[in-house]
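Single-letter residue listing:
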Amino acid sequence: MGMFLAKLMSFFCNQEHKVIIVGLDNAGKTTILYQFLMNEVVHTSPTIGSNVEEIVVKNTHFLMWDIGGQDMLRSTWSTYYTNTEFVILVVDSTDRERLTITKEELYKMLAHEDLRKAAVLVFANKQDMKNSMSAAEISKFLTLTSIKDHPWHIQACCALTGEGLGQGLEWMTLKTAAK
Ligand code: G3D
Ligand code: MG
């Protein structure tokens, strides 16, 4: 689906909950989106610009924007924020060095006016790798408990097998019901 069409659709169908999938490059964003779509692992290529897909979970429609995470693209994230209800932040749990950058990006997003009402789901991805940090470690590093002005949730997952992704989506559907 083209970007223009997707925008048009989200404009006219207020049933759709807009979701943006963010995170540094190589975190696993595209793999997660395709897992949502077809429950199978597909070959992914670095996202250039954005992909948009509709995901339906228990009659709840999510319009998910997979936004590129490379250095140069990060400054464009804010152009996607309008009407966003959920931010899915994907973390490569093995990438200790860049967790500081992820933290900076997270708090920049939370401070953004257009994301005032957004709920945040953090996926601690790549749990299959033996050197990965646990969700608890990542939560502590990102000081998630200090976030009082946005609903948030952290979920350990493995995008390759799909493990944990369902629980993340479940939390999101519960949040839309609570709204
Ligand atoms: P991005 O869209 O955030 O940039 P991708 O990330 O979805 O393109 O994934 C980047 C690489 O990480 C891919 O490997 C992908 O297969 C791998 N990956 C994603 N999720 C997991 C996971 O849970 N576990 C492991 N072990 N690998 C994962 P390639 O080799 O294709 O670059
Ligand atoms: Mg990608």
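Starting afresh in each chain, residues are numbered from 1 along the sequence in its written order. Just so you know, chain letters begin at A and ligand numbers begin at 1, following the order they were written in. Owing to the predicted nature of the model, reporting of local features is limited to residues with pLDDT of at least 70; listing and counting of side-chain atom pairs is limited to 80 or more, with chain, interface and lining totals taken over all residues. Derived side-chain values reflect all non-hydrogen atoms in the structure, with water molecules and hydrogen atoms excluded from consideration.

An unreviewed UniProt entry lists the chain under the name ADP-ribosylation factor-like protein 5B, with Chiloscyllium punctatum as the source organism. UniProt positions are given in the numbering used here, feature names are shortened, and annotations may be inferred rather than shown by experiment. Under the UniProt heading Sequence similarities (unreviewed entry), the note attached to the chain is "Belongs to the small GTPase superfamily. Arf family."

Asks: It is not clear to me how the overall build of the chain should be interpreted in this structure. Could you clarify?
Replies: Along the backbone of the chain there are six helices and six strands. The way it works is that DSSP assigns letters per residue, a run of H or I at least four long becomes a helix, a run of E at least two long becomes a strand, and they are numbered from the N terminus. Listing the helices and strands of the chain from first to last along the sequence gives α-β-α-β-β-α-β-α-β-α-β-α. Burial status follows relative accessibility: with a 1.4 Å probe on protein chains alone, a residue under 20% of its type maximum counts as buried, one over 50% as exposed, and anything between as partly exposed. Taken over 179 residues, the chain has a buried fraction of 49%. For the chain, the share of sequence-separated contacts (at least 6 apart) that also reach a separation of at least 24 residues comes to 74%. Only the protein chains shown count as cover for residues, and the accessible areas themselves come from Shrake-Rupley with a 1.4 Å probe. In the form shown here, the chain has an accessible surface area of approximately 9400 Å², with 56% of it arising from carbon and sulfur atoms. By definition in these notes, contact holds between two residues if any of their heavy atoms fall within 4.5 Å.

Asks: Any chance you could explain the site of ligand 1 here in plain terms?
Replies: Each residue is tested against the molecule or strand, and it is near if at least one of its non-hydrogen atoms lies within 4 Å. Near ligand 1 there are 16 residues, and of these Asn 26, Lys 29, Thr 30, Thr 31 and Asp 128 occur at the shortest range. Nitrogen and oxygen atoms within 3.5 Å of one another constitute a polar contact, given that in protein one can donate a hydrogen and the other can accept it, and given that sequence-neighbouring residues count only through two side-chain atoms. Here Asn 26 contributes a backbone N or O atom positioned 2.8 Å from an oxygen atom of ligand 1. Contact distances for ligand 1 include 3.1 Å between an oxygen atom and a side-chain N or O atom of Asn 125. Side-chain classes are defined by residue name, with Ala, Val, Leu, Ile, Met, Phe, Trp, Tyr, Cys and Pro counting as nonpolar, Asp, Glu, Lys and Arg as charged, and the others, Gly among them, as polar. Taken together, the residues that form the shell around ligand 1 break down as six nonpolar, six polar and four charged.

Asks: What exactly am I supposed to notice about the UniProt feature "binding site: Mg(2+)" (unreviewed entry) in the chain here?
Replies: As recorded in UniProt, the feature "binding site: Mg(2+)" (unreviewed entry) lies at Thr 30 and Thr 47. Counting through the fold element by element, Thr 30 comes out in helix H2 (residues 29-38). You can call Thr 30 buried: its relative accessible area is 11%.

Asks: Sorry if this is basic, but what is going on with the state of the cysteines here?
Replies: Sulfur atoms of two cysteines make up a disulfide when they are within 2.5 Å. For the structure shown, the criterion picks out zero disulfides. Left without a disulfide partner, Cys 158 is nearest to the cysteine sulfur of Cys 157, which lies 7.2 Å away. Residue Cys 158 is classed as buried on the basis of its relative accessible area of 5%.

Asks: Explain the pairing of strand E6 (residues 152-156) to me, please; I cannot follow it from the model alone.
Replies: Within a regular strand, the side chains alternate between the two sheet faces. For two strands to be treated as a pair, DSSP must find at least two bridges joining them. Note that strand E5 (residues 119-125) and E6 share five bridges and pair parallel. Its bridge partner lying in E6, Ala 124 is registered against Ala 156.

Asks: So what exactly am I meant to see when it comes to unusual backbone geometry here?
Replies: For residues that are not glycine, phi is negative in most cases, and the peptide bond is trans in most cases. With a phi close to 75 degrees, Asn 26 is a non-glycine residue in the positive phi region. Note that Asn 26 resides in the loop between strand E1 (16-22) and H2. For Asn 83, which is not glycine, the phi dihedral falls at a positive 65 degrees. In this fold, Asn 83 is placed in the loop between helix H3 (71-74) and strand E4 (84-92).

Asks: Would you explain helix H6 (residues 165-178) in this entry?
Replies: Residues that lie three or four places apart on an α-helix share one face, since the helix turns once every 3.6 residues. Between its first and last C-alpha, H6 extends 20 Å over 14 residues, near the 20 Å set by a 1.5 Å rise per residue. All of the buried residues along H6 are Leu 165, Gly 168, Leu 169, Trp 171, Met 172, Thr 173 and Thr 176. Helix span is expected to be 1.5 Å times the residue number reduced by one.

Asks: Could you clarify how one ought to interpret the pattern of salt bridges in this entry?
Replies: Side-chain pairs of opposite charge can arise whenever the charged atoms involved come near each other. What counts as a salt bridge is simple: a side-chain nitrogen of Lys or Arg found within 4 Å of a carboxyl oxygen of Asp or Glu. Scanning the model with the defined rule gives five salt bridges in all. For Asp 95, the salt bridge identified is with Arg 98, shortest N-O distance 2.7 Å. Classification of Asp 95 by relative accessible area gives buried; the value is 18%. In this structure, Arg 116 engages Glu 113 in a salt bridge whose closest nitrogen and oxygen atoms are separated by 2.5 Å. Judged by its relative accessible area of 52%, Glu 113 is exposed. Among the charged side chains, a network of salt bridges with common partners joins Asp 25, Asp 95 and Arg 98.

Asks: When you look at the side chain of Lys 18 in this model, what are you seeing that I'm missing?
Replies: Residue placement: Lys 18 occurs in strand E1. Asp and Glu are treated as the negative residues and Lys and Arg as the positive ones, with His and the ends of the chain left uncounted. No salt bridge is formed by the buried Lys 18. Its closest oppositely charged neighbour is Asp 114, at 8.5 Å. From its side chain, Lys 18 meets the backbone oxygen of Tyr 80 in a polar contact 2.6 Å long. Leave out the neighbours within four places in its chain, and Lys 18 touches Leu 63, Trp 65, Tyr 80, Tyr 81, Thr 82, Asn 83, Thr 84, Glu 85 and Phe 86.

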